[in-house]
Amino acid sequence: MDEQQSEKEKKNFKLDKAIDFIFSDNPIKWLIPIIILGFFLRFIVSRNISALGDEMVHGPHAIGFLHSGLISTFAQSPLWFYLTDLVFKILGVTLFSTRFLSFFYGILTIILVYFISTKIFNKKVGLISAFLLSISYYTIRYTLMEMDLSALFFLCLAIYLFIDSTEKKKFPYLAAISIGVASLIKTLSLFFVPAFLIAFFLFRRDEKTKTNIKNLIYFGLLITLIFSPIIIHNYLWYHDSKMVDTYVAQYFDIGNARQAYAGLLGYDSGFLYQ
């Protein structure tokens, strides 16, 4: 009888806790369903949408990339290929496993957007922001064999870490590392660096100008250090055959690259000033 009564008390306690949670002001009770919604929407797309043209290029290139010895490629940064090949070792080579990074980081970005919005505004805005991202057609449809959602996660992580370090009056080295990782996934992530550099002066006004400039230099050097495999790759390739990757070729008229990439996969003179 005592055991039955004790078991009944435990069940009642759990039920009371569940009821208290449902009727509490805890935002987690809303965030969890939002994450689950985002999970299922992205899972359905990643398992059922047929492969696009770019996916047929990126996906096969990732197979065996861990043993390739490459530090970069002619068109994309290398980290996505390494991570995707690592997923292959665990899940096998399937349509879903090739899209796994976009699926995984897409869900994590929902959580991250909630925390960023909560820091900047409040928890209600955080929940609304997370919900809008969870049902965002663009991010759902882009759960593909692409680097964009993975890079987006690390850029959002950099924003959160930058805000957090600013509040704690610490150097945002973790934010710099996150930007560096994003650039190793997608080179275009580097275009967000100027926004962080401006933020040093907008949100760290209490620090001396000389200190801000010194921190800016350290911040930039840390990103450059992490991005250095791609710089080294381009340097060695140019030294060997006067070639660079497509990103460098679009912005700088270097060696034979501009002519070699003309018309290739849609690449042309890009942003070169005529």
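Our structure is the block above this text.
The notes below deal with the structure included here. (Residues numbered from 1 in each chain as written. Predicted model: local features only at pLDDT ≥ 70, side-chain atom pairs only at ≥ 80, totals over all residues. Heavy atoms only, no water.)

Topic: the packing of aromatic side chains
What the rule picks out here adds up to 24 aromatic pairs. The interplanar angle of 70 degrees and the centroid separation of 5.5 Å between the aromatic rings of F43 and F96 together place this pair among those described as edge-to-face. Residue F43 is found in helix α2 (residues 28-48), and its partner F96 is found in helix α5 (residues 95-98); the two are separated by 53 residues along the sequence. Taking the relative accessible area as the measure of exposure, F96 reaches 16% and is therefore buried. Relative to F81, the ring of W80 lies with its centre 5.2 Å away and its plane at 90 degrees, an arrangement referred to as edge-to-face. By relative accessible area, W80 is classed as buried at 0%. Aromatic rings pair up to connect F39, F40, F43, F96, F100, F103, F104, Y105, F153 and F154 into one cluster. (Phe/Tyr/Trp six-rings, centres within 6.5 Å; stacked < 30°, edge-to-face > 60°. Helix = DSSP H or I, 4+ residues; strand = E, 2+ residues; numbered from the N terminus. Buried < 20%, exposed > 50% of the residue type's maximum accessible area, 1.4 Å probe, protein only.)

Structural notes on the layout of surface pockets
For the second largest pocket, the calculated volume is near 320 Å³. If you go around the second largest pocket, you meet 15 residues; those closest to its centre are T187, L190, Y247, V248 and F252. Of all elements in the fold, only α12 (209-241) and α13 (246-251) reach the threshold of two or more residues within the lining of the second largest pocket. The greatest single-element share of the lining of the second largest pocket, amounting to four residues, is contributed by α12. Along the lines of polarity and charge, the residues of the lining of the second largest pocket split into 12 nonpolar, two polar and one charged. (1 Å grid on protein atoms, 1.4 Å probe; cavity = no way out; pocket = protein on both sides within 12 Å on 5 of 7 lines; lining within 4 Å. Points joined across faces, edges and corners; volume = space filled by probe spheres on them. Nonpolar A, V, L, I, M, F, W, Y, C, P; charged D, E, K, R; others polar.)

A word on helix α11 (residues 193-203)
Among the residues making up α11, those that are buried are V193, F196, A199 and F200. The arc that holds the buried residues of α11, viewed along the axis, is 110 degrees, so those residues lie on one side. (Arc of directions from axis to C-beta.)

A look at unusual backbone geometry
The phi dihedral of K169 falls on the positive side, at around 55 degrees, and the residue is not glycine. Structurally, K169 is set in the loop between α9 (148-167) and α10 (173-185). The exposure class of K169 is exposed, given its relative accessible area of 59%. One non-glycine residue, K242, lies in the positive phi region at around 60 degrees. Inspection of the secondary structure assignment puts K242 in the loop between α12 and α13.

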